[in-house]
Amino acid sequence: VSMTVVSSEQVDSSSSTLTPIIVTAWSDGYLRVYADLELRRSRYVEDLTTVTCACSGNVFAGTRAGNLFAYNVGTGRSDATCFAAHDAPITALWFCPENNVLVSSSLDASVKVWKAECPERQLFPSLRRLQDLDAEDAAVDLCVDNEGQTLYIAVLTSKDKLTAWAINVGEESH
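In short, a report on the structure.

So, how was this worked out
Residues numbered from 1 in each chain as written. Predicted model: local features only at pLDDT ≥ 70, side-chain atom pairs only at ≥ 80, totals over all residues. Heavy atoms only, no water. Helix = DSSP H or I, 4+ residues; strand = E, 2+ residues; numbered from the N terminus. Contact = heavy atoms within 4.5 Å. Pairing = 2+ DSSP bridges. Axes fitted to C-alpha atoms, helices over the stretch in contact; angles between N-to-C directions. Buried < 20%, exposed > 50% of the residue type's maximum accessible area, 1.4 Å probe, protein only. Disulfide = S-S within 2.5 Å.

Things to note about the environment of Leu162
Okay, so step 1: With respect to the helices and strands, Leu162 occurs in strand 16 (residues 162–168).
Okay, so step 2: For the pair Leu162 and Leu142, spaced 20 residues apart in sequence, the C-alpha to C-alpha distance is 9.6 Å.
Okay, so step 3: Setting aside chain neighbours within four positions, we find Leu162 in contact with Ala154, Val155 and Leu156.

This is the structure in structure tokens:
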């Protein structure tokens, strides 16, 4: 199970309560949305592997086919645009809301850094790849720390090797 938390304020800005909304990706292929610890919405997604929060009430989800897509928690709709992000299953996703950067890792031995564009009037964010990183082996998990305009990314590979990078994601990297 992969899980992320989205604040109700991100989903409905008119909401007076700040109830956390929990979004889960289950091995049975269901993306489930919970509010007040009750199931609110469920959607089947073939080959679903992982999920992370995003901007504008969306989450990003990854699949065994290596695809990324956005799911809008408020509407229950998925973006028809599916990004062919990796050549193997996506193992982990991480989103930095301070600078709208998404990091994905995969069994194809790569880590990719993406910029999410989140216009207010657009239902789903779009993605633009900023950087590809070679993990030298299947990347099974990642940990990211945001320090201003720099992301510190650490990846654990299937051969128990730890690899790390410092990536500048400031305005000048566009």
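Thoughts on the sheet that holds strand 16
Okay, so step 1: Pairing within the open sheet is antiparallel, and its three strands lie in the order 14-15-16. Where the open sheet ends on each side, the last strands, each with one partner, are strand 14 (139–147) and strand 16. Averaged over all pairs of adjacent strands, the angle between their axes in this sheet comes to 20 degrees, without regard to strand direction.
Okay, so step 2: In the sheet, strand 15 (residues 150–157) pairs with strand 16 via seven bridges, with the strands oriented antiparallel. Across the sheet, residue Thr150 finds its bridge partner in strand 16, namely Asn168.

Focus on the environment of Leu142
Okay, so step 1: Mapping Leu142 onto the fold places it in strand 14.
Okay, so step 2: When its relative accessible area of 13% is taken as the criterion, Leu142 is described as buried.
Okay, so step 3: In the structure, Leu142 is positioned 117 residues away from Ala25 in sequence and 17 Å away in space, judged by C-alpha atoms.
Okay, so step 4: Leu142 has contacts with Ala92, Trp94, Val103, Ser104, Ser105, Ala154 and Val155, leaving out every residue within four places of it along the chain.

Observations regarding the state of the cysteines
Okay, so step 1: On inspection of all chains with the given rule, the structure shows one disulfide.
Okay, so step 2: Here Cys55 is linked by a disulfide to Cys118, with a sulfur-sulfur distance of 1.6 Å. Disulfide Cys55-Cys118: the torsion about the S-S bond is -60 degrees, which places it as left-handed. Residue Cys55 is found in the loop between strand 5 (48–53) and strand 6 (58–63), and its partner Cys118 is found in the loop between strand 12 (110–117) and strand 13 (126–134); the two are separated by 63 residues along the sequence.
Okay, so step 3: According to the relative accessible area criterion, Cys55 is buried, its value standing at 8%.
Okay, so step 4: Among the cysteines around Cys53, which has no disulfide bond, Cys55 carries the closest sulfur, lying 9.4 Å off.
Okay, so step 5: No disulfide involves Cys96; its sulfur sits 9.5 Å from that of Cys53, the nearest cysteine.

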